[in-house]
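Geometric and topological summary
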Amino acid sequence: MKILVTGGAGFIASHVSDAFLALGHDVAIVDNLASGKRENLPSAAAFYEVDIRDDKLADVFRAAKPDVVVHHAAHIEVARSVREPAYDASINILGSLNLLERCREHGVRKIIYAGTGGALVGEPIYIPVDEAHPIDPLAPYGVSKHTVEHYLFTYKANHGIEYTVLRYPNVYGPRQDPHGEAGVVAIFSLLMLAGKEATIFGDGTKTRDYVYVGDIAAANVLALNSPVSGVYNLGRGIEVTDLEVFEAVRAAVGSDTQPQFQPVRPGEVEHIALDSSKAQRELGWNWKVDFKEGVAKAVDFYREQVTRENT
Ligand SMILES: NC(=O)c1ccc[n+]([C@@H]2O[C@H](COP(=O)([O-])OP(=O)(O)OC[C@H]3O[C@@H](n4cnc5c(N)ncnc54)[C@H](O)[C@@H]3O)[C@@H](O)[C@H]2O)c1
């Protein structure tokens, strides 16, 4: 299958691209390297350094001729979306619309979209949050990510393009950029490996649902072959506190550092975990990597990275 992956130089979509390539698919990547890195690009994939908002995206479609588009390119900084909502929308909404229009022109059969489960519902009414939970984002990032879900519905209704929305929890693992805000495992790992103190925003009781990136890549593979359009939460349904993340990273690093505490940042929810029963039922997805095991894999990656940089 010919697959165009947007954002493939980034954390999650580089793993998704690896998984598609391992199955023998023909993968092309479009990314403007805003936060992505060349070193994340799989060598077997064609690469187009293009902004998804740009007219040049049409040339990418002409060259790659994708059957399926897997859309991960996005602005992902929640706090920046609060400060600069128009910037966030220009990429996450207008960039996505530019992409959808190219999909329509080129007869793309299906779009897989990296949605968010964690930033959509505001402070949840119940946990774990399922797909029927009311949508009430606290930050413009959640609004822009959710808007695309509506557009996907209209492109299916009006142009027959199938879609799968995968609403991600907090994804972590190798290649995650510590500068992104979901990257707490990466942030703690790099600070502790450097012997520095790590800061927890809040009192450490804030919770998130963490899924290892390999399990997320597996969901994208299942979505490729799914015959129906739909929206699916991915998550373990387990709340992990910031303090537990701190302790898991500290154990994997072998550090004895103590956390520093600072006030909570705007736009962040207190508690969240996602119910993925629908994805289990309809896509046959389930998570496999336990949190401590995943954190150990991530820390191994950062340790190697730090060693490489220091030699
Ligand atoms: N990391 C998480 O926990 C998480 C949670 C929920 C949803 N998501 C979604 O998953 C996707 C991937 O996130 P990630 O954590 O891998 O982030 P990332 O920043 O590593 O990847 C995003 C990629 O998109 C590229 N990009 C940004 N703007 C672009 C533009 N205008 N044109 C072309 N490319 C552009 C970046 O260069 C980067 O390579 C995003 O859509 C994000 O909203 C991530």
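Preceding this section is the structure that the text describes.
Report follows, based on the coordinates. Note that the structure is a prediction, hence the values are computed from the model and not measured.

About the criteria used
- Residues numbered from 1 in each chain as written.
- Predicted model: local features only at pLDDT ≥ 70, side-chain atom pairs only at ≥ 80, totals over all residues.
- Heavy atoms only, no water.
- Core = buried A, V, L, I, M, F, W, Y, C linked by side-chain atoms within 4.5 Å.
- Buried < 20%, exposed > 50% of the residue type's maximum accessible area, 1.4 Å probe, protein only.
- Helix = DSSP H or I, 4+ residues; strand = E, 2+ residues; numbered from the N terminus.
- Contact = heavy atoms within 4.5 Å.
- Salt bridge = Lys/Arg side-chain N within 4 Å of Asp/Glu carboxyl O.
- Near = heavy atom within 4 Å.
- Polar contact = N/O pair within 3.5 Å; in protein donor to acceptor, adjacent residues only side chain to side chain.
- Areas by Shrake-Rupley, 256 points an atom, 1.4 Å probe, with all protein chains shown as cover.
- Nonpolar A, V, L, I, M, F, W, Y, C, P; charged D, E, K, R; others polar.
- Pairing = 2+ DSSP bridges.
- Axes fitted to C-alpha atoms, helices over the stretch in contact; angles between N-to-C directions.

Now for the nonpolar core. Counting residues in each nonpolar core, the largest one holds 55 residues, and the members touching the most others are Phe20, Leu166, Val185, Phe188, Val245, Val249 and Phe291. Counting residues per element, this core draws most heavily on helix α7 (residues 213-224), which supplies seven residues. Beyond its immediate sequence surroundings of up to four residues, phenylalanine 291 is in contact with Tyr172, Val185, Tyr210, Arg236, Val240, Glu244, Val245 and Ala248. Within the second largest apolar cluster, 22 residues are counted, among which are Ala28, Val50, Leu152 and Tyr163.

Moving on, we get to the environment of leucine 190. If you trace the backbone, leucine 190 turns up in helix α6 (residues 184-193). Separated by 113 residues in sequence, leucine 190 and arginine 303 place their C-alpha atoms 8.0 Å apart. Setting aside residues no more than four positions away along its own chain, leucine 190 makes contact with Pro178, Tyr302, Gln305 and Val306.

Right, let's get into the pattern of salt bridges. Under the defined criterion, the tally for this structure stands at twelve salt bridges. Notably, a salt bridge pairs arginine 62 with aspartate 59, separated by 2.6 Å at the nearest N-O pair. Taken as a pair, arginine 62 and aspartate 59 lie in helix α2 (residues 57-64) at a separation of three residues, close to a single helical turn. Between arginine 102 and glutamate 105 there is a salt bridge, with the nearest N and O atoms lying 2.8 Å from each other. With arginine 102 and glutamate 105 both in helix α4 (residues 85-105) and three residues apart, the pair spans about one turn of that helix. By relative accessible area, arginine 102 is classed as buried at 14%. Among the residues examined, glutamate 105 registers a relative accessible area of 47% and is labelled partly exposed.

Of all residues adjacent to the ligand, which total 30 residues, the nearest are Asp31, Ser35, Tyr141, Lys145 and Val171. Aspartate 31 places a polar side-chain atom, nitrogen or oxygen, 2.5 Å from an oxygen atom of the ligand. Contact distances for the ligand include 3.5 Å between an oxygen atom and a backbone N or O atom of proline 169. Relative to its unbound accessible surface of 830 Å², the ligand loses 96% to contact with the protein. Elements with a contribution of two residues or more to the shell around the ligand: α1 (11-22), β5 (110-116), α5 (140-159) and β7 (170-172). Per-element accounting of the shell around the ligand gives the leading share, three residues, to β5. For the shell around the ligand, the per-class residue count stands at 17 nonpolar, nine polar and four charged.

With that out of the way, let us pick up the sheet that holds strand β6 (residues 162-168). With respect to topology, seven strands assemble into an open sheet ordered β3-β2-β1-β4-β5-β6-β11, the strand pairing being parallel. A strand with exactly one partner marks an edge of an open sheet, and here the two such strands are β3 (46-48) and β11 (230-233). Between one strand axis and the next, the sheet turns through 20 degrees on average, direction left out of account. Seen against the sheet, α1 touches β1 (2-6), β2 (26-30), β4 (68-71) and β6 and runs at an angle of roughly 170 degrees to β1.

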